[in-house]
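Remarks on the overall topology
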Amino acid sequence: MKFSERLVMELKSSALTQKEIAEKLHIDAANITNWKKGTNIPSLEVFYELCKILDVSADYLLGLSD
């Protein structure tokens, strides 16, 4: 499973909205939309924070583990 697919699943199960997550990451919500579409990926620093916010491992989001 691709990063974008895993991200969509985790965002759906998150108690936070996409806008709230974007605010916590100090980015525009459009960035998250682009990640979900697979047209862009987050920087390493933002990816790290995203994993912490969603409470998932980097390996899981990257599709390296289940």
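Everything in this summary refers to the structure shown in the same document.

So, the packing of helix α1 (residues 3-13) against helix α3 (residues 29-37)
One can describe the packing of α1 onto α3 by two numbers: an axis separation of 7 Å at closest approach and a directional angle of 125 degrees. Relative to α3, the element α1 is oriented oblique. Along the contact surface, α1 presents Phe3, Ser4, Leu7, Val8 and Leu11, while α3 presents Ile32, Trp35 and Lys36. Taken together, the residues that form the contact of α1 with α3 break down as 6 nonpolar, 1 polar and 1 charged.

Observations regarding helix α2 (residues 18-25)
Along α2, the residues that are buried comprise Ile21, Ala22 and Leu25. Burial along α2 is one-sided: seen end-on, the buried residues are contained in an arc of 100 degrees. The inward-facing, buried residues of α2 abut α1, α3 and α4 (44-54).

A closer look at the packing of α2 against α3
In the contact formed by α2 and α3, the axes pass within 8 Å of each other and the chain directions differ by 110 degrees. Taken as axis vectors, α2 and α3 run roughly perpendicular relative to one another. Like other packed secondary-structure pairs, α2 and α3 cross with a definite hand, here right-handed. Residues Gln18, Ile21, Ala22 and Leu25 of α2 pack against Ala29, Ile32, Thr33, Trp35 and Lys36 of α3. Partitioned by chemical class, the residues of the contact of α2 with α3 number 6 nonpolar, 2 polar and 1 charged.

Things to note about the pattern of salt bridges
Two side chains bearing opposite charge may form a pair once their charged atoms approach each other closely. Per the counting criterion, the structure on display carries 2 salt bridges. For Arg6, the salt bridge identified is with Asp66, shortest N-O distance 3.1 Å. Separated by 60 residues along the polypeptide, Arg6 in helix α1 and Asp66 in the segment after α5 (58-62) bring together distant segments of the chain. A residue is classified by how much of its surface remains accessible, and Arg6, at 5% relative accessible area, is buried. With a shortest N-O distance of 3.4 Å, Glu49 and Lys52 are connected by a salt bridge. Of this pair, Glu49 and Lys52 both sit in helix α4, 3 residues apart, roughly one helical turn. A relative accessible area of 48% means that Lys52 is categorised as partly exposed.

Calculation notes
Residues numbered from 1 in each chain as written. Predicted model: local features only at pLDDT ≥ 70, side-chain atom pairs only at ≥ 80, totals over all residues. Heavy atoms only, no water. Axes fitted to C-alpha atoms, helices over the stretch in contact; angles between N-to-C directions. Helix = DSSP H or I, 4+ residues; strand = E, 2+ residues; numbered from the N terminus. Parallel < 35°, antiparallel > 145°, perpendicular 65-115°, else oblique. Contact = heavy atoms within 4.5 Å. Nonpolar A, V, L, I, M, F, W, Y, C, P; charged D, E, K, R; others polar. Buried < 20%, exposed > 50% of the residue type's maximum accessible area, 1.4 Å probe, protein only. Arc of directions from axis to C-beta. Left-handed = near helix turned anticlockwise from the far one by under 90°. Salt bridge = Lys/Arg side-chain N within 4 Å of Asp/Glu carboxyl O.

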